[in-house]
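# A look at the structure
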Amino acid sequence: VGAWAVLSGETAFEAVKLATIRIIPIMLSILSAVFLYLLAKNEYGEKIARWSLAIFATATIIVVNNRVAVAESLFTSIVLIALWMLTVNTKKSHRWPYITIGLLCAAAILTKVLGLVVWLSVVAILWLRRSSVRNIVYVTIGALLGGAAFYLYGAVFDEKLFWAIQSYQGTNRVLGPNTIW
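Being a predicted model, the structure only gives us computed values, none of them experimental.

### A closer look at the packing of helix α7 (residues 116–128) against helix α8 (residues 133–157)
Following both chains from N to C, one finds α7 and α8 inclined at 175 degrees, their axes separated by 10 Å at the closest point. Between α7 and α8, the crossing angle belongs to the class labelled roughly antiparallel. Counting all contacts with α7, which are made through W119, V122, V123, L126 and W127, the residues of α8 involved are N135, I136, V139, T140 and A143. Grouping the constituent residues of the contact of α7 with α8 by class yields eight nonpolar, two polar and no charged.

This is the structure:
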């Protein structure tokens, strides 16, 4: 969002227009809607996919949250893309889909600590579908790279402050219906 603001000509953090920063979460919301539809269509069929999309596009809390610039906007898109890729590529024996899913797991971890859930979910799905251990290893290597990059990012700047912020974000209740309205 910050890079988009700079590219849009904004020069002062406190003077950024809402129209400038809301475009990124809205685009991520559209991306999430597309992949939610594709995921539901692959797993449950066209009728369920349409209902899923209708609920996602009209549920008040989802609509309001999707216009706010928070990490969850990116996180949701990453989760849906990774899960969709599992529905499309698990029958193939190529390694590249699994490497890509591993990189999506890394991106999820870099977005939030909660990104570990994406990796755990993908591994659980692969395990339940009796995917090869090699595919699980590809996904895990990507997740480990994301975790290492996350740790190094904090260590390079100020490790103590970084983990204090991560701890605070994990326990606070700043986001939610009470603060959005």
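### Let's talk about the pattern of salt bridges
Summed over the entire model, instances satisfying the criterion amount to three salt bridges. Measuring nitrogen to oxygen at the nearest pair gives 3.7 Å for the salt bridge that ties K41 to E46. Under the relative-accessibility criterion, K41 is labelled partly exposed at 40%. Classification of E46 by relative accessible area gives partly exposed; the value is 28%. One connected set of salt bridges, linked through shared partners, spans K41, E46 and R50.

### Details of the side chain of S29
Within the fold, S29 resides in helix α2 (residues 18–44). In this structure S29 touches F56 and N66, once residues within four positions along its chain are discounted.

### What about the packing of aromatic side chains?
For the coordinates displayed, the defined rule picks out seven aromatic pairs. Aromatic side chains F35 and W84 sit 5.1 Å apart centroid to centroid with 65 degrees between the ring planes, which places their arrangement in the edge-to-face category. Taken together, the positions of F35 in helix α2 and W84 in helix α5 (residues 71–89) put the pair 49 residues apart, joining distant regions of the chain. Given the relative accessible area of 22%, W84 is considered partly exposed. Consider the rings of Y151 and W163, whose centres lie 6.4 Å apart with planes at 35 degrees: the pair is tilted. Separated by 12 residues along the polypeptide, Y151 in helix α8 and W163 in helix α9 (residues 159–171) bring together distant segments of the chain. The structure contains a cluster of three or more aromatic residues connected by ring pairs, namely F150, Y151, Y153, F157, F162 and W163.

### Quick notes on the nonpolar core
I101, L104, C105, V118, V122, L126 and V139 are the most contacted members of the largest nonpolar core, which has 27 residues in total. Elements with a contribution of two residues or more to this core: α2, α5, α6 (96–111), α7 and α8. At seven residues, the largest contribution of residues to this core is made by α5. Leave out the neighbours within four places in its chain, and V139 touches Y98, I101, G102, C105, W119, V122 and L126.

### Regarding unusual backbone geometry
Here R130, not a glycine, exhibits a phi torsion of approximately 55 degrees, which is positive. Within the fold, R130 resides in the loop between α7 and α8. R130 sits in the exposed class, given a relative accessible area of 71%.

### Digging into a nonpolar patch on the surface
Together, V113, L116, L120, Y151, L152 and W163 make up a nonpolar patch on the protein surface, roughly 550 Å² of accessible area in all. Breaking the nonpolar patch down by element, the ones donating at least two residues are α7 and α8. Given the relative accessible area of 40%, Y151 is considered partly exposed.

### Some points on helix α3 (residues 46–58)
Taking 1.5 Å per residue, 13 residues should reach 18 Å; α3 reaches 18 Å between its end C-alpha atoms and fits that length. Regarding α3, the residues found buried are A49, S52 and F56. Buried residues along α3 cover an arc of 65 degrees about the axis, so they all sit on one side. Exposed and facing more than 90 degrees away from the buried side of α3 are K47, R50, W51, I55 and T58.

Rules of the game
Residues numbered from 1 in each chain as written. Predicted model: local features only at pLDDT ≥ 70, side-chain atom pairs only at ≥ 80, totals over all residues. Heavy atoms only, no water. Axes fitted to C-alpha atoms, helices over the stretch in contact; angles between N-to-C directions. Helix = DSSP H or I, 4+ residues; strand = E, 2+ residues; numbered from the N terminus. Parallel < 35°, antiparallel > 145°, perpendicular 65-115°, else oblique. Contact = heavy atoms within 4.5 Å. Nonpolar A, V, L, I, M, F, W, Y, C, P; charged D, E, K, R; others polar. Salt bridge = Lys/Arg side-chain N within 4 Å of Asp/Glu carboxyl O. Buried < 20%, exposed > 50% of the residue type's maximum accessible area, 1.4 Å probe, protein only. Phe/Tyr/Trp six-rings, centres within 6.5 Å; stacked < 30°, edge-to-face > 60°. Core = buried A, V, L, I, M, F, W, Y, C linked by side-chain atoms within 4.5 Å. Patch = residues over 30% accessible without salt bridge, like charges linked within 9 Å, V, L, I, M, F, W, Y side chains within 5 Å. Areas by Shrake-Rupley, 256 points an atom, 1.4 Å probe, with all protein chains shown as cover. Expected span 1.5 Å × (residues − 1). Arc of directions from axis to C-beta.

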